[in-house]
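Chains, contacts and geometry: an overview
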Amino acid sequence: KLPKEAYLVVKENPMMIGDRRKKFYRWVSRQASVILVDPLMSSYELIINSKGVIGISGTALLEAAILGKPTHAFGHPEFRDFMTSSGYDDLDKFFHLALSDDLCINSQLDNEIYKYIGWVLENGMDLSIDRSLLGDNEALDKAAKLIAKSLGRFI
């Protein structure tokens, strides 16, 4: 469904590294109009330079919504109410909005998004991450610094 004038930039979640076979990434990178980027690339930079963000249910969707970008969730994130569209049927709606020149940002959701973030910070819990997921401590430290830097821009 990707419109001909659009590119899809694919960034794997760093926590997924090692879960997929190399064959999958080779297949993705060979698709027309698809660009596979380093999983440790700055999500913030990708989001601000994008027309919109599509995801399953990750926090990149929430970050994009905070930045006023059109967002489309294929999954069911708990913050789905802040997404521009969701599911397979609304994908055309997302592309139309994301590629339109007269993008209208829904600023009335801003306050609700910040209330949600406040709730998460108040009620969330710390999780320990298995460092073996990223292969080595240096890669995990780099990913953690990127996540912290991105969060710092939003808070």
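Above this text sits the structure in question.
Residues numbered from 1 in each chain as written. Predicted model: local features only at pLDDT ≥ 70, side-chain atom pairs only at ≥ 80, totals over all residues. Heavy atoms only, no water.

The subject of this paragraph is the pattern of salt bridges. The tally for this structure, following the rule as stated, stands at two salt bridges. The salt bridge partner of aspartate 92 is lysine 1, with a shortest N-O separation of 3.6 Å. A residue pair is termed long-range when its members are at least 10 positions apart, and aspartate 92 in helix H4 (residues 91-99) and lysine 1 in the segment before strand S1 (8-11) qualify at 91 residues. Between arginine 20 and glutamate 12 there is a salt bridge, with its nearest N and O atoms 2.7 Å apart. We classify glutamate 12 as buried; its relative accessible area is 10%. (Salt bridge = Lys/Arg side-chain N within 4 Å of Asp/Glu carboxyl O. Helix = DSSP H or I, 4+ residues; strand = E, 2+ residues; numbered from the N terminus. Buried < 20%, exposed > 50% of the residue type's maximum accessible area, 1.4 Å probe, protein only.)

Let us look at the nonpolar core. If you look at the biggest cluster of nonpolar residues, it comprises 14 residues, and the most contacted ones within it are Leu62, Phe79, Phe82, Met83 and Ile113. The element best represented in this core is helix H3 (residues 59-66), accounting for five residues. (Core = buried A, V, L, I, M, F, W, Y, C linked by side-chain atoms within 4.5 Å.)

A cluster of nonpolar residues, Tyr7, Val9 and Ile35, forms a patch on the protein surface that exposes about 310 Å² of accessible area. Mapping valine 9 onto the fold places it in strand S1. (Patch = residues over 30% accessible without salt bridge, like charges linked within 9 Å, V, L, I, M, F, W, Y side chains within 5 Å. Areas by Shrake-Rupley, 256 points an atom, 1.4 Å probe, with all protein chains shown as cover.)

Let us look at the sheet that holds strand S4 (residues 71-73). On the basis of which strands lie adjacent, the open sheet formed by three strands has the order S3-S4-S5 and parallel pairing. The sheet is open, and its two edges are formed by strand S3 (53-55) and strand S5 (85-86), each paired on a single side. Strands in contact with H4 are S3, S4 and S5; relative to S3, the strand with the most contacts, it is inclined by about 155 degrees. (Pairing = 2+ DSSP bridges. Contact = heavy atoms within 4.5 Å. Axes fitted to C-alpha atoms, helices over the stretch in contact; angles between N-to-C directions.)

With that out of the way, let us pick up the packing of aromatic side chains. Counted by the stated rule, this structure contains five aromatic pairs. Judged by centre distance (5.3 Å) and plane angle (75 degrees), the rings of phenylalanine 24 and tyrosine 25 are edge-to-face. Taking relative accessible area as the criterion, phenylalanine 24 reaches 34% and is therefore assigned partly exposed. Clustering of aromatic rings is evident, with ring pairs tying together Phe79, Phe82 and Tyr116. Against the face of phenylalanine 24 rests arginine 20, its NZ or CZ located 4.8 Å from the ring centre. (Phe/Tyr/Trp six-rings, centres within 6.5 Å; stacked < 30°, edge-to-face > 60°. Lys NZ or Arg CZ within 6 Å of the ring centre and 35° of its normal.)

As for its placement among the helices and strands, isoleucine 56 is situated in the loop between S3 and H3. Residues isoleucine 56 and glycine 75, spaced 19 residues apart in sequence, show a C-alpha to C-alpha distance of 4.6 Å. When sequence neighbours within four positions are dropped, the list of residues in contact with isoleucine 56 reads Leu61, Ala73, Phe74, Gly75, His76 and Pro77.

Positionally, threonine 71 belongs in strand S4. The residues contacting threonine 71, other than those within four sequence positions of it, are Val53, Leu61, Ala64, Ala65, Phe82, Met83, Thr84, Ser85 and Phe94.

Turning to the pairing of S1, a few remarks are in order. Where S1 lies against strand S2 (residues 34-37), four bridges are found, and the strand directions are parallel. Across the sheet, lysine 11 pairs through a bridge with valine 37, a residue of S2. Since S1 and S2 lie parallel, the crossover through helix H1 (residues 22-29) that links them has a hand, and here it is right-handed. (Right-handed = clockwise from strand over helix to strand, strands pointing away.)

Among all positions in H4, only Leu91, Phe94, Phe95 and Ala98 are buried. Along the axis of H4, the buried residues cluster in a sector spanning 95 degrees; they form a single face. Those residues of H4 hidden inside the fold are in contact with S3, S4 and S5. (Arc of directions from axis to C-beta.)

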